[in-house]
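Chain and residue survey
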Amino acid sequence: MKAEVRIRRLTAAMLSGMVLCLTVLFMITEKKDFSENENRYLAELPKVGLRQIQEGTYMDGLTDYVSDHFPFRDFWIGIKSKAEMLSGKKKINGIFLAEDGYLIEEYKKPENTERITETLKRFAQTVEAQERDNEIEMCLMLVPTAVTVYREKLPEHAAVNNQMETAADIYEGTGIRPIDCSGYLESGKGEGSLYYKTDHHWTTLGAYMGYRAFCGEMGFTPTALEDMEAQTVTEDFRGTLYSKAGDYGRKGDKIIIYENPADRLTVEYKDTEETTDSLYNLEYVDKKDKYSLFLNNLHPLTEITNDTAETDRELVLIKDSYANSMVPFLVRHYKKIYVFDTRYYKDGPSAFLAEHAGVTDVLLLYNMNTLDGDSGIRGVY
């Protein structure tokens, strides 16, 4: 009996000691604003007030704060992910653990297809109704992600919604000239990795396949990759899917960039008034979010001029971040490219088009996985 009491007291003492140690560690450890591994800002200590307490928002905020700043958080997340993998799980936080080391994000059934279709349709109709000296060539490219192109790498019996069925409905509903790059991506699978293993974006090779699809539709002759200068800028890119899966021991990806020696570029970021001659900001190579090296991360409007372009055509590119790695191929064919991120550009591209008579082409480019929740769609019209 005495032995049982001693064991209980020892257990209680050990648990109390662990709680005390964790509390002390929580109090003394440095609180970070941003998690590099999770690629997100961490919760701030909530302000306490009578209203916040009554509404329950203070306790919710405090719970988030403690969770985000728990001692050795990354270590525990990694342990949890490893345990789930060892138990045989093939999907963690919506990420499939696929063959050949790929992390592939699931595609959830879209909820906003009708709204997206109607918004894009209204934009096209508005531009068509504008009085112009030239007719604008408008195209829409909806890019399938790895869950479609690399479906053979998914775990057995993985349930996947059909991205291209949704894309076909949107193409038909908008009336905008479609560019289906899925065939080019399928045919290019033997040439190398088309999607990063740890991130949701396509690689520069994948973007090149999208560029070839665009050239095929527009009647351009695509620049051959061997005619461009390739540079591997990092072999340690760990992207958004790496962060979501929590498998922090996973090997990073290689990022290759391409530059055409024939191009003479001027790149203007209108929000920061910064001007450069490169489409890349290699300072991001030393950061977690390395994909942001393409077009210097996020800007509402970027104006690119190529003094040695093959044509005098001007392109308005309305897009998500997938397009950033395709722009280095597109610039060969356009004297000017106006790149819009409508999540941040608030004046509306249709108004811009009404004021810029030199624009000849419009390309709307979005990936299918984030299209359904992309807030920039509302800013297109």
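Reference entry: report on the structure contained in this document. All values derive from a computational prediction rather than experimental measurement. (Residues numbered from 1 in each chain as written. Predicted model: local features only at pLDDT ≥ 70, side-chain atom pairs only at ≥ 80, totals over all residues. Heavy atoms only, no water.)

Turning to the overall build of the protein, a few remarks are in order. Check the secondary structure of the protein and you find 13 helices and 15 strands. Relative to its full complement of 381 residues, the protein shows a buried share of 50%. For the protein, contacts bridging at least 24 residues in sequence account for 71% of all contacts bridging at least 6. When the accessible area of the protein is evaluated, it comes to approximately 19,700 Å², of which 50% is carbon and sulfur surface. (Helix = DSSP H or I, 4+ residues; strand = E, 2+ residues; numbered from the N terminus. Buried < 20%, exposed > 50% of the residue type's maximum accessible area, 1.4 Å probe, protein only. Contact = heavy atoms within 4.5 Å. Areas by Shrake-Rupley, 256 points an atom, 1.4 Å probe, with all protein chains shown as cover.)

Take the nonpolar core next. One finds Ile304, Leu317, Leu363 and Leu364 to be the most contacted residues of the largest nonpolar core, which totals 93 residues. Counting residues per element, this core draws most heavily on helix H9 (residues 204–218), at nine residues. In contact with Leu363, not counting residues within four places along its chain, are Cys139, Met141, Ile179, Phe214, Leu315, Val316, Leu317, Ile318 and Met326. With six residues, the next largest nonpolar core counts Leu97, Leu103, Leu241 and Ala245 among its residues. (Core = buried A, V, L, I, M, F, W, Y, C linked by side-chain atoms within 4.5 Å.)

One open sheet holds the three strands; their spatial order is S3-S4-S5, and the pairing between them is antiparallel. Two strands bound the open sheet, and with one partner strand each, they are strand S3 (91–92) and strand S5 (103–105). Where strand S4 (residues 95–97) meets S5, three bridges bridge the pair, whose relative direction is antiparallel. Across the sheet, Ile95 pairs through a bridge with Glu105, a residue of S5. (Pairing = 2+ DSSP bridges.)

Here we take up the environment of Asp277. Position of Asp277 among the secondary structure elements: in the loop between strand S11 (274–276) and strand S12 (301–306). Taking the C-alpha atoms as reference points, Asp277 and Asn306, separated by 29 residues in sequence, lie 9.7 Å from one another.

Take unusual backbone geometry next. The residue Leu295 is not glycine, and still its phi comes out positive at about 55°. Along the chain, the position of Leu295 falls in the loop between S11 and S12. The backbone of Asn296 sits at a positive phi, close to 60°, despite the residue not being glycine. If you trace the backbone, Asn296 turns up in the loop between S11 and S12. A residue is classified by how much of its surface remains accessible, and Asn296, at 9% relative accessible area, is buried.

This paragraph deals with the pairing of strand S14 (residues 336–340). Judged by how many residues are buried, S14 sits mostly within the fold: five of five residues are covered. Here S14 shows a buried face lined by Lys336, Tyr338 and Phe340 and a second buried face lined by Ile337 and Val339. Examined bridge by bridge, S12 and S14 share five bridges and lie antiparallel to one another. For Ile304, the partnering residue across the bridge sits in S14 and is Ile337. Bridging between strand S13 (residues 314–319) and S14 involves five bridges; their strand directions are parallel. Pairing of Leu315 across the sheet is with Ile337, part of S14.

Moving on, we get to helix H7 (residues 163–174). When the terminal C-alpha atoms of H7 are compared, their 17 Å separation across 12 residues agrees well with the 16 Å that a helix rising 1.5 Å per residue should span. Gln163, Met164, Thr166, Ala167, Ile170, Tyr171 and Thr174 are the residues of H7 that are buried. Projected onto a plane normal to the axis of H7, the buried residues spread over an arc of 155° and lie on a single side. Residues of H7 that are exposed and point more than 90 degrees away from the buried face comprise Glu165 and Glu172. For H7, the elements touching its buried residues are helix H5 (113–129), strand S6 (137–143), helix H6 (146–149), strand S7 (177–178), helix H8 (182–187) and helix H13 (368–371). For H7, the N-terminal cap is Asn162; the gap from its side-chain oxygen to the backbone nitrogen of Met164 is 2.9 Å. (Expected span 1.5 Å × (residues − 1). Arc of directions from axis to C-beta. Polar contact = N/O pair within 3.5 Å; in protein donor to acceptor, adjacent residues only side chain to side chain.)

Moving on to the sheet that holds strand S10 (residues 265–269). Here eight strands make up an open sheet; going across it, the order is S7-S6-S15-S13-S14-S12-S10-S11 and the pairing mixed. The outermost strands of the open sheet, each flanked by one partner alone, are S7 and S11. Running over the sheet, H7 touches S6 and S7 and is turned about 165° from S6. Against the sheet, H9 contacts S6, S7 and strand S15 (361–367), and its axis sits at roughly 150° relative to S6. (Axes fitted to C-alpha atoms, helices over the stretch in contact; angles between N-to-C directions.)

Applying the stated rule across the entire model yields 16 aromatic pairs. Seen in terms of ring centroids, Tyr258 and Phe329 are 5.9 Å apart; in terms of plane orientation they differ by 45°. Their pairing is tilted. Of this pair, Tyr258 sits in strand S9 (residues 253–259) while Phe329 sits in helix H11 (residues 327–330), and the two are 71 residues apart along the sequence. Just as Tyr258 is buried, Phe329 falls in that class too. (Phe/Tyr/Trp six-rings, centres within 6.5 Å; stacked < 30°, edge-to-face > 60°.)

The geometry of H5 relative to H7 is characterised by a closest axis approach of 8 Å and an angle of 35° between their N-to-C directions. Relative to H7, the crossing made by H5 is right-handed. Residues Thr113, Thr117, Leu120 and Lys121 of H5 touch H7, and the partners they reach there are Thr166, Ile170, Gly173 and Thr174. Class assignment for the residues of the contact of H5 with H7 results in two nonpolar, five polar and one charged. (Left-handed = near helix turned anticlockwise from the far one by under 90°. Nonpolar A, V, L, I, M, F, W, Y, C, P; charged D, E, K, R; others polar.)

Attention shifts here to H9. Taking 1.5 Å as the rise per residue, H9 with 15 residues should run 21 Å; its terminal C-alpha atoms sit 20 Å apart, in good agreement. Counting buried residues in H9 gives 12 out of 15 residues, a clear majority hidden from the surface. Every buried residue of H9 is listed here: Thr204, Leu205, Gly206, Ala207, Tyr208, Met209, Gly210, Tyr211, Ala213, Phe214, Cys215 and Met218. In this fold, the buried residues of H9 make contact with S6, S7, H8, S9, H11 and S15. Among the residues trailing H9, Gly219 stands out with phi positive, at a value near 85°.

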